[in-house]
Amino acid sequence: MNTKELKPAAVFEQFSKINEIPRPSKHEEKMIEYLGNWGKSRGLDTQIDETGNVIIRKPSTPGMEDRKTVILQSHMDMVCDKLVDLEFDFDNDPIRTYIDGDWLTAEGTTLGADDGIGCAIELALLDSNDIEHGPIECVFTRDEETGLTGAEGMKADFMTGDYLINLDSEDEGEILASCAG
Ligand SMILES: [Zn+2]
């Protein structure tokens, strides 16, 4: 199996593009630019706040206009750790992923699935044309891992949705009702 065969394909396609973009905590400039361009190039309402958090809004699919707006949230930064003897520059080098048995992993570094896979789910949904949904707001906060300064710096009116689903839990198929996942 290669990484192109992972399912849902649309999510893993986004994830592999995300993993080409360096995004250490507090140095997410390239990822902020990527997300900003990603949303704008698709004609979606895209905003970046003073802190560097990004929001991309997508209108509902036909017939779902009266639904409540749902916010999907992930964080764009990743923990950068590597094997001691590996030469790797987290500010510039793409993460090199590969499949090892049942696991998607990375060559000598952290994988960045926390929370790259949350970001990938949001982008896949924004890019989809075969999923029915009400109005959605996809939020990507910066610097979750080293102080939550992205969330801290966000103004109250940056998001306008009624419900928020955080995409940073570790347990597939489980939804936690709490503030800290
Ligand atoms: Zn996380």
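Because the structure is predicted, anything quoted here is derived from the model rather than measured. (Residues numbered from 1 in each chain as written. Predicted model: local features only at pLDDT ≥ 70, side-chain atom pairs only at ≥ 80, totals over all residues. Heavy atoms only, no water.)

A. The nonpolar core, seen in detail. Core analysis: the biggest nonpolar cluster contains 32 residues, and Leu-126 and Phe-140 have the highest contact counts within it. Taken together, the elements giving at least two residues each to this core come down to helix 1 (9-18), helix 2 (29-41), strand 2 (54-58), strand 5 (103-106), helix 3 (113-127) and strand 6 (136-141). In terms of residue count, the dominant contributor to this core is helix 3 (6 residues). Not counting residues within four places of it along the chain, the set of residues in contact with Phe-140 comprises Leu-35, Asn-53, Val-54, Ile-56, Ser-74, Met-76, Cys-119, Glu-122 and Leu-123. Among the nonpolar cores identified, the runner-up in size contains 5 residues, and Ile-55, Ile-71, Met-154 and Phe-158 belong to it. (Core = buried A, V, L, I, M, F, W, Y, C linked by side-chain atoms within 4.5 Å. Buried < 20%, exposed > 50% of the residue type's maximum accessible area, 1.4 Å probe, protein only. Helix = DSSP H or I, 4+ residues; strand = E, 2+ residues; numbered from the N terminus. Contact = heavy atoms within 4.5 Å.)

B. View of the state of the cysteines. Following the criterion strictly, the structure yields 0 disulfides and no others. For Cys-80, which is in no disulfide, the shortest distance to another cysteine sulfur is to Cys-119 and amounts to 13 Å. Residue classification places Cys-80 among the partly exposed residues on the basis of a relative accessible area of 28%. Of all cysteine sulfurs in the structure, the one in Cys-138 sits closest to Cys-119, which takes part in no disulfide; the separation is 9.9 Å. (Disulfide = S-S within 2.5 Å.)

C. Representation of the layout of surface pockets within the structure. In this structure, the largest pocket occupies an estimated 1,800 Å³ of space. Lining the largest pocket are 48 residues; nearest its centre among them are Ile-117, Leu-167, Asp-168, Ser-169 and Glu-170. At the level of elements, helix 1, strand 3 (70-75), strand 5, helix 3, helix 4 (149-153) and strand 7 (163-166) are the ones that each hand at least two residues to the lining of the largest pocket. For the lining of the largest pocket, the element with the most residues is helix 3, which contributes 5 residues. Taken together, the residues of the lining of the largest pocket break down into 23 nonpolar, 12 polar and 13 charged. There is about 180 Å³ of room inside the second largest pocket. Together, Thr-3, Lys-4, Leu-6, Ala-9, Phe-12, Glu-13, Phe-15, Ser-16, Thr-97 and Leu-104 line the second largest pocket. (1 Å grid on protein atoms, 1.4 Å probe; cavity = no way out; pocket = protein on both sides within 12 Å on 5 of 7 lines; lining within 4 Å. Points joined across faces, edges and corners; volume = space filled by probe spheres on them. Nonpolar A, V, L, I, M, F, W, Y, C, P; charged D, E, K, R; others polar.)

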